[in-house]
Structures are given as structure tokens and as C-alpha cells.
Amino acid sequence: MTLTPSGDLFPLLAAVLAALCCGLLGNFLVLRKLSLMGDAMSHSVLPGLVIAFMLTGSRTAPVMFLGATLAGVATVVLVELIKRLGRVESGAAMGVVFSVLFALGVLLIERAARNTDLDANCVLHGQLESLVWWEGPASWAGVVGGGVLGAAPPQIWTLAITCALTIVLVVVLYKELRLAAFDPALATAQGFNATILHYILMVFVAGATVAAFEAVGSILVIAMLIVPAATARLLTDRLAPQLLVSTGVAIAAAILGYSGSIAVPHAFDRDEVNAAGSMAIVLGLLLSIAVIFGPRYGVLATSIRRLRMARRIALDDLLGRLYRQEEGEATIVPAPKPVLTRARRRGLVVADRLALSDEGRAQAAALVRRHRLWEAYLVDRAGLAADHVHAAAESLEHLPETLPPETGATDPHGKPIPPM
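Computed from a predicted structure; not experimentally measured.

Undergrad: Requested: an account of the overall build of the protein chain, with residues and values cited.
TA: Each helix and strand counted, the protein chain has 16 helices and zero strands in total. For the protein chain, the C-alpha atoms occupy an extent of roughly 90 × 55 × 40 Å along the three principal directions. Among the 420 residues that make up the protein chain, the fraction classed as buried is 44%. Counting only contacts in the protein chain whose residues sit at least 6 apart along the sequence, the fraction spanning at least 24 positions is 70%. Carbon together with sulfur atoms contributes 64% to the accessible area of the protein chain, which is approximately 21400 Å² in total. Side-chain charges of the protein chain comprise 33 positive and 32 negative groups, with the mean position of each set lying 6 Å from the other.

Written out as C-alpha cells, the structure reads:
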């Protein structure tokens, strides 16, 4: 497979620009639990397109862009009104607005623009493959000085301007957007009007959605708004790294998806597939990798962490029972062989019999101390009955980093609290 400037430069550039602006804005949608807003806008711009055509009789790009942008802004306003006046959650309000506006668009097409060529496939999949540079150079070396700027189609310019404005917005209002995303009330209390910031963000989302719509279609717009940010969120908790990771994921998906739409079918002697759909699939694969292999929230890391915790709790329970047995409180229950083997390997239990070593006794004393301190705290400070605190203390004793204040020398049952 060989990519050529004439056939692939502008489609690839449009995909990367759309991925960049949608990926950046999507971070704030995901953080504010407004991921469905991109889906709502991509559907609700249809009546804006039809009404713009009905009023002007034109299907030129500026007219369509203006109509779709106004419809996107109207979507945001209607969602906010329904959410506040109807007292419903954001997802329900967005579902109501985009379904009603999309239906209105379909009715307007049927009644007033039936003979107009509004291609449904273009709306869903975009027209990446149509951005051909007919007079382009035969090799990539000829791109430099080859009149790229003059030959760029309007979709590229629209996406480039939208992308530049999006980067300026994120850089200039980074602090305000971050504060409003995590705590809108605190942002307003500190002098940043969270409502105005919300509408500014939504206007940019509407603009990015509409700008990317013609080139890549609604499927990829929705995917680019949500998936890169969701993938980055699985890899980091900090906003700045999240923005960088999501941008990298979006651009990688654009390049890999476009190349894969050509290379993979050719490898099986098939025709090329839709590039936007291929990019959305790559995004899904990248998200799946993050879900499985994410260092903190991935399935694999979470499973390993839970397994280690279960092994530690089993070992703690053995030490606690042996310690209480030495106090004459409990009768020892035979421990599972793997737990006993680990305890002996670590030198916590003597080798020839089931009894604590010195090191094991010290760890067991610390464990029992935490248990009895929590029981005392729950009775003295939380006001619980003494016979209702054992289960809670049984869980809290396995958290060595948290320890309640000492309230006495004995627990609520009169048992001594081991000293430190």
C-alpha cells in the first residue's frame, strides 16, 4: 500500500484536524458527564441545514455551516431549558432534544426540500475520500512548495480554523475550564461564571461538530468527541496529561484508521472500506487496550491489585487468629495451605508448628491494635452499640495507613489494646 499526495494528503489532513479539535473538546464533555452532547448536536443540526436551504435556496458551505451552527447552539439552549424546567438529568434532556429536532429535520425535508439532494451516506460517513488533490504531485517530496495551501479544499480550511480556535480556547481558558469541569459552584464562587463557560464550551463543540461533519460524518464526530477523552481518562487522573494523551490517541486513530481502511482490505484482495468507519474502529480498539491494560484502572491491573489484597487479608486473618489464640481468646482454625506456606516463607510463623514467630507476633499485634482501636472509636465517637462494630472493624483493620485516635487502654469488650 502506498499513500500518495494527490489521493491521500487532504483526506488524511482533514481526519487529523477533525480528530484534534474534537478530541480536545471531548475532554471537557467527558469530565462534565455531557458525552451525549456531541451525539445530540450531530443529529439536531439537520433542521438547521434544511431551514438554511429553505431561506436562502443555497447549499454553499458558508450557508450550511451557519445553519448547522445555529441549530447546534439552539440544541444547547434547549437542553439546558429542559434540564432546568423539566428537572430531568442531562442525558434525558439531550435525548429528548436531539430526537425531536432530528424528526423535525426529516419532516422539513419531506415537506419543503423533497427534491433537494441531501445525501444520507454523506451525513453518516462523511466525504473524506472525495477530498482529492487532482493536480497534486506524484511524490511526497513534491508537496513542499507544491501549492498545497492554494489547492486545499474548503473543508480543510474550515477544520484548520476551527482547530486553531479550539487550541486558543483551551490554552487561554485552561484554568477556568478545568475549575468549571470539576466544580462549577466553586468556579462561580471564585469569579468565573460557570454558566457562561458552559455556553462558550458548547458553542465550540457545536462549531467543531459542524466543521467536522462534512468531511468525516456523524459517526466519526461522535467517536472523536468521546473515545479519545475516555481512553485518556483510563490512563491518567490529571487534566493536562489527559489532554495530551487524548490528542495523541485521536491523531493516532486518524492515521492508523485511514491507512488501515486501504491496507487491510488490499491484504485480502478486497476494495477499500470507508475511512471514517475504520477510524472509529481503531478508536474502539485503543479504548479496549486501555480498558484491559490501563496501569491503574485497567481490568488487568485491577484484578492483580484485588488478588494481592485478598492474599494480604488472608495472611492478616491468620496472624490475627494466632495472636488471639495466644491471648486465650480464640480456637485456631486450620489455615489454607497456601496461606500457611506464605506465612512460613516470610518468617511470620515458626516452621515446626502453628505459632507466631517474633516478627509475626509484632505484625499481628499491630493488626489487633487497629481492630480494637476502630471498635473503640466506633462505640465512643460514632455511638454504635458494642455488639455491632466487629464487622466494620474487621474491614478497617486491613487499612494500615488509617488509624483512629486512641481513646483508652481497652476496647469496648474489655480486651487490652496492644501497645505500639
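Still more ground to cover, so stick around.
Undergrad: Account for the packing of aromatic side chains, naming residues and giving values.
TA: All told, the structure shown has one aromatic pair when counted by the stated rule. For the ring pair Trp374 and Tyr377, a centre distance of 5.7 Å and an interplane angle of 85° mean the geometry is edge-to-face. Linking Trp374 with Tyr377, this pair stays in helix H15 (residues 358-380), spanning three residues, or about one helical turn. Trp374 gets classed as buried once you look at its relative accessible area, which sits at 12%.

Undergrad: Can you break down the packing of helix H7 (residues 154-172) against helix H8 (residues 174-182) residue by residue, with the values?
TA: Two measures define how a pair of helices packs: the angle their axes make with one another and the distance between the axes. In the contact formed by H7 and H8, the axes pass within 4 Å of each other and the chain directions differ by 75°. Viewed along their axes, H7 and H8 adopt a mutual orientation that is roughly perpendicular. Residues Leu169, Val170, Val171 and Val172 of H7 form the contact with H8, whose own contacting residues are Tyr174, Glu176 and Leu177. A per-class count over the contact of H7 with H8 returns six nonpolar, no polar and one charged.

Undergrad: Break down the nonpolar core for me, citing the residues and quoting the values.
TA: A general tendency of soluble globular proteins is for nonpolar side chains to be buried together. Judged by nonpolar contacts, the single largest core of 70 residues is most densely connected at Met37 and Met202. Apart from residues no more than four positions distant in its own chain, Met37 is found in contact with Leu29, Val76, Val79, Met94 and Met202. Leu319, Ala335, Val339 and Leu348 belong to the second-largest nonpolar core, a separate cluster that totals 15 residues.

Undergrad: Which residues make up helix H13 (residues 299-326), and what values do they have?
TA: In this model H13 runs 41 Å from its N-terminal to its C-terminal C-alpha over 28 residues, within 8% of the 40 Å that 1.5 Å per residue would give. When we look at burial in H13, the residues that qualify are Ala301, Thr302, Leu315, Asp316, Leu318, Leu319, Gly320, Leu322, Tyr323 and Arg324. Structurally, H13 contributes buried residues whose contacts are with helix H12 (275-293), helix H14 (337-345) and H15.

Undergrad: Residue-level account of the packing of H13 against H14, with values.
TA: Viewed as axis vectors pointing N to C, H13 and H14 meet at an angle of 80°, and their least axial separation amounts to 10 Å. By the angle between their directions, the pair H13 and H14 is classed as roughly perpendicular. Two secondary-structure elements touch here, H13 through Arg311, Ala314, Leu315 and Leu318 and H14 through Val339, Leu340, Arg342 and Ala343. Residues that form the contact of H13 with H14 fall into these classes: six nonpolar, no polar and two charged.

Undergrad: Break down a nonpolar patch on the surface for me, with residues and values.
TA: Together, Ile289, Val291, Ile292, Phe293, Val299, Leu300 and Ile304 make up an exposed nonpolar region whose accessible area comes to about 600 Å². Listed by contribution, the elements that provide at least two residues to the nonpolar patch are H12 and H13. Here the element with the most residues in the nonpolar patch is H12; it accounts for four residues. Note that Val299 resides in helix H13.

Undergrad: Lay out the pattern of salt bridges with the relevant residues and their values.
TA: Within the structure shown, the criterion is met by seven salt bridges. Among the ionic pairs, Arg361 bridges to Glu326, the shortest N-O distance being 3.0 Å. Remark: Glu326 occurs in helix H13 and Arg361 occurs in helix H15; sequence separation between them is 35 residues. Residue Arg361 is classed as partly exposed on the basis of its relative accessible area of 30%. Taking relative accessible area as the criterion, Glu326 reaches 42% and is therefore assigned partly exposed. In this structure, the salt-bridge partner of Arg372 is Glu327, at a minimum N-O distance of 2.8 Å. In this pair, Arg372 sits in helix H15 while Glu327 sits in the loop between H13 and H14, placing the two residues 45 residues apart along the sequence.

Undergrad: So what about H14? Which residues, and what values?
TA: What H14 keeps buried is the set Val339, Leu340, Arg342 and Ala343. All buried residues of H14 project into a common sector of 160° when viewed along the axis, lining one side. Exposed side of H14, more than 90 degrees from the buried face: Lys337, Pro338 and Arg345 are the residues found there. Residues of H14 that are buried in the fold lie against H13. The positive-phi residue at the C-terminal boundary of H14 is Gly347, with phi of around 75°.

About the cut-offs
Residue positions are counted from 1 within each chain, in the order its sequence is given. Owing to the predicted nature of the model, reporting of local features is limited to residues with pLDDT of at least 70; listing and counting of side-chain atom pairs is limited to 80 or more, with chain, interface and lining totals taken over all residues. Excluded from the side-chain calculation are hydrogens and water; included are all heavy atoms of the structure. What counts as a helix is a DSSP run of H or I of at least four residues, what counts as a strand is a run of E of at least two, and both are numbered from the N terminus. The buried label goes to any residue with under 20% of its type's maximum accessible area, the exposed label to any with over 50%, and the partly exposed label to all in between, with areas taken from a 1.4 Å probe on protein chains only. Any two residues having at least one pair of non-hydrogen atoms within 4.5 Å are treated as being in contact. Residue burial considers only the protein chains on display, and all accessible areas are found by Shrake-Rupley using a 1.4 Å probe. Counted charges follow a simple rule, with Lys and Arg positive, Asp and Glu negative, and His plus the chain ends left uncounted. Charged side chains are reduced to one point each, which is NZ for Lys, CZ for Arg, CG for Asp and CD for Glu. Side-chain rings of Phe, Tyr and Trp (the six-membered ring for Trp) are treated as a pair once their centres are within 6.5 Å; stacked means planes under 30 degrees apart, edge-to-face means over 60, and tilted covers the remaining angles. In this analysis, axes come from line fits to C-alpha atoms, helices being fitted only over the stretch in contact, and the angle between any two N-to-C directions falls in the range 0 to 180 degrees. If an angle is under 35 degrees, it is roughly parallel; if it is over 145, roughly antiparallel; if it lies from 65 to 115, roughly perpendicular; otherwise it is oblique. Gly counts as polar in this scheme, as do all residues outside two lists: the nonpolar Ala, Val, Leu, Ile, Met, Phe, Trp, Tyr, Cys and Pro, and the charged Asp, Glu, Lys and Arg. Side-chain atoms within 4.5 Å are what join buried Ala, Val, Leu, Ile, Met, Phe, Trp, Tyr and Cys residues into a set we call a nonpolar core. Each residue after the first adds 1.5 Å to the expected span of a helix. Without a salt bridge and with relative accessible area above 30%, a residue can belong to a patch; like charges are then joined within 9 Å and nonpolar side chains (Val, Leu, Ile, Met, Phe, Trp, Tyr) within 5 Å. Each reported salt bridge corresponds to a side-chain nitrogen of Lys or Arg within 4 Å of a carboxyl oxygen of Asp or Glu. Within this analysis, the arc is defined by the directions that extend from the helix axis to the C-beta atoms.

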